[in-house]
Amino acid sequence: LNEWQWYEDHNILLYPGETVVKIDKKRQLVYTDKGKEAPFDHLIIATGSTPFILPIPGADKEGVTGFRDISDCERMIKASDKYRHATVIGGGLLGLEAARGLLNLGMEVDVVELSDYLMEAQLDRTAGELLQEELERQGMQFHLNTQTVEVLGNERVTGVKFKNGNTIATDLVVMAVGIRPNVTLAQEAGLVVNRGIVVNDYMETSSANIYAVGECVEHNERTYGLVAPLYEQGQVLAKQICGMNHQGYKGSIVSTQLKVSGVDVFSAGVIKETPETKVMKVFDEWQKTYKKIVIHNGRLIGAVLYGDTKEGTKLFSYIKKQASVEDYL
């Protein structure tokens, strides 16, 4: 992320191209695949996550890729030079951004989604349907309420098969169905792991002086797939290791925006309605704008904006401090 000089200026010894393969908790040592041993007083595990590839027949065929790093993008660009049709599995934030990128490359794009509306984790049905309408106008085709059960073809993908028996022809399959925390190293070291490496409010694992942050961790039974929580966890952890007073990590309220041209979507906090919540909704069907604010005990806890997201930053700050409705109005 930085020039070499930056690491030297900050007394950081950086070993690029090396992988830690073992943690010795008792002797407080880590071992790398290049035979290096490094002692520690405090160890921070930040191993991140990998894209989840559906465990279905044919998932290992040529032409099937995740959407995570530069090599995935290069694979998609290369495929667009030779092939016409792409299928994206996953109608969430990442899947839709991948689909828009493939359209930009001149491919025909189908998006397959298990839920019955798009971005189900971040939007409600109204916003999801508005989004679908706009993306269909841009050229995407959608298969909602649809589960992929097989990737077809011999060595290279030629199609996908769905649980309902239908099939579609395709030359490229991009899986954007979530992430899996990288926990193997922690598991082998005997740390407590559920979905992620389990940490407390001080980012401590089950072993003294070993901490974890980012997409590899699980805090209060929750994992995060965005970068903002990592920064918040990092601030808490730095204060903890330096012996400073702090409130601990209380979990993150996250906001998301879809990076697709011509589409303005914003979501933050809790957007699902329950018997305990009240909502304010404004829906302009003509202008295709929609705003929903979720309130619990008189306080703002979540919001969805579609078509006009100018209020997003202001709403997010109110949601983070759980401001009262009166403050907003």
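See above for the structure.
All values reported here derive from a predicted model rather than from experimental measurement.

**Q** Help me out: how do you make sense of the overall build of the protein chain in this one?
**A** The secondary structure content of the protein chain amounts to eight helices and 22 strands. C-alpha extents for the protein chain along the principal axes are approximately 60 × 60 × 40 Å. A buried classification covers 44% of the 329 residues belonging to the protein chain. Long-range contacts, defined as pairs at least 24 residues apart, comprise 53% of the intrachain contacts of the protein chain with a sequence gap of at least 6. Per element, the accessible surface of the protein chain, about 18,300 Å² overall, is 49% carbon and sulfur.

**Q** Is there a simple way to think about the packing of aromatic side chains in this case?
**A** The geometry of an aromatic ring pair comes down to the distance between the two centres and the angle between the two planes. Tallied over the full model, the rule gives three aromatic pairs. Judged by centre distance (5.0 Å) and plane angle (85°), the rings of Trp6 and Tyr7 are edge-to-face. When its relative accessible area of 33% is taken as the criterion, Trp6 is described as partly exposed. On the basis of relative accessible area, Tyr7 is assigned to the buried category, the value being 13%. Relative to Tyr290, the ring of Phe283 has its centre 5.9 Å away and its plane inclined at 90°; by these criteria the two rings are edge-to-face. Tyr290 gets classed as buried once you look at its relative accessible area, which sits at 4%.

**Q** So what exactly am I meant to see when it comes to the layout of surface pockets here?
**A** Any empty space left between atoms is shown by rolling a water-sized probe over those atoms. Put simply, the second largest pocket is a space of about 940 Å³. What lines the second largest pocket is a set of 22 residues, among which Ile12, Leu13, Leu14, Tyr15 and Ile44 lie closest to the centre. At the level of elements, α1 (4–9), β1 (20–24), β2 (29–32), β3 (37–39) and β4 (43–45) are the ones that each hand at least two residues to the lining of the second largest pocket.

**Q** Hey, could you run me through the nonpolar core in this one?
**A** Side chains that are nonpolar tend, in soluble globular proteins, to be buried together. Counting residues in each nonpolar core, the largest one holds 33 residues, and the members touching the most others are Leu96, Leu102, Leu131, Leu135 and Leu258. Contributing elements (two or more residues each) for this core: α2 (70–82), β7 (85–89), α3 (93–104), β8 (108–112), α4 (125–138), β13 (172–175) and β22 (299–306). Per element, the largest residue contribution to this core is six residues, and it comes from α3. Beyond its immediate chain neighbours, meaning those up to four positions away, Leu131 contacts Leu96, Leu118, Met119, Leu123, Leu258, Val263, Val265 and Tyr306. Core analysis: the next-biggest nonpolar cluster, separate from the first, contains 24 residues, Ala186, Leu191, Tyr211 and Cys216 among them.

**Q** Which parts of the structure should I look at to understand unusual backbone geometry?
**A** What you tend to see is this: most non-glycine residues have negative phi, and most peptide bonds are trans. Of note in the backbone geometry, Met119 takes a positive phi value of approximately 50° without being a glycine. Take Met119: it is sitting in the loop between β8 and α4. Residues other than glycine seldom take positive phi values, yet Asn145 does so here, at roughly 55°. By relative accessible area, which is 58% here, Asn145 ends up exposed.

**Q** Looking at this structure, I do not really get the side chain of Gln122. What am I missing?
**A** Relative to the helices and strands, Gln122 resides in the loop between β8 and α4. Once you skip the residues sitting within four places of it in the chain, Gln122 turns out to touch Leu93, Thr256, Ser267, Ile271 and Val304.

**Q** What am I meant to see in helix α6 (residues 227–241) here?
**A** The α-helix advances 3.6 residues per turn, and as a result positions three or four apart in sequence lie on the same side. If you check α6, its first and last C-alpha atoms are 21 Å apart, about what 15 residues at 1.5 Å a residue would give, namely 21 Å. Elements in contact with the buried residues of α6: β4, β16 (210–212) and β17 (217–219). In the stretch just after α6, Gly243 is the one whose phi turns positive, near 70°.

**Q** Got a minute to help me understand the pairing of β2 in this structure?
**A** Regular strands place their side chains on alternate faces of the sheet. Judged by which residues are buried, β2 turns out to be covered on both faces: Leu29 and Tyr31 on one side and Val30 and Thr32 on the other are all buried. Across four bridges, the pairing between β1 and β2 is antiparallel. Note on β2: the bridge partner recorded for Lys22 is Tyr31. Linking two consecutive strands that pair antiparallel, namely β1 and β2, is a turn of four residues; a positive phi of about 55° is found at Gln28 within it. Between β2 and β3, which pair antiparallel and follow one another directly, the connecting turn spans four residues, one of which, Gly35, has a positive phi of 85°.

**Q** Could you clarify how one ought to interpret the pairing of β22 in this entry?
**A** β22 sits mainly inside the fold: seven of its eight residues count as buried. The pairing of strand β19 (residues 265–269) with β22 spans five bridges and is antiparallel. Looking at β22, one finds that Ala268 is bridged to Ala303. Bridging between strand β21 (residues 289–296) and β22 involves seven bridges; their strand directions are antiparallel. From the neighbouring strand, His296 faces β22, where its bridge partner is Arg299. Following β21, the chain reverses through two residues before pairing antiparallel with β22; Asn297 in that reversal takes a positive phi of roughly 50°.

**Q** Would you mind showing me how to read the sheet that holds β3 here?
**A** Strand pairing within a sheet occurs via backbone hydrogen bonds; the two strands may be parallel or antiparallel. With antiparallel pairing, three strands are arranged side by side in an open sheet as β1-β2-β3. The open sheet has two free edges, formed respectively by β1 and β3, since each of these has just one partner strand. The average undirected angle you get between the axes of adjacent strands in this sheet is 20°. Alignment of β2 against β3, held across three bridges, turns out to be antiparallel. The residue bridging Val30 from the neighbouring strand is Ala38, located in β3.

Here is what the cut-offs are and how they apply
- Residues numbered from 1 in each chain as written.
- Predicted model: local features only at pLDDT ≥ 70, side-chain atom pairs only at ≥ 80, totals over all residues.
- Heavy atoms only, no water.
- Helix = DSSP H or I, 4+ residues; strand = E, 2+ residues; numbered from the N terminus.
- Buried < 20%, exposed > 50% of the residue type's maximum accessible area, 1.4 Å probe, protein only.
- Contact = heavy atoms within 4.5 Å.
- Areas by Shrake-Rupley, 256 points an atom, 1.4 Å probe, with all protein chains shown as cover.
- Phe/Tyr/Trp six-rings, centres within 6.5 Å; stacked < 30°, edge-to-face > 60°.
- 1 Å grid on protein atoms, 1.4 Å probe; cavity = no way out; pocket = protein on both sides within 12 Å on 5 of 7 lines; lining within 4 Å.
- Points joined across faces, edges and corners; volume = space filled by probe spheres on them.
- Core = buried A, V, L, I, M, F, W, Y, C linked by side-chain atoms within 4.5 Å.
- Expected span 1.5 Å × (residues − 1).
- Pairing = 2+ DSSP bridges.
- Axes fitted to C-alpha atoms, helices over the stretch in contact; angles between N-to-C directions.

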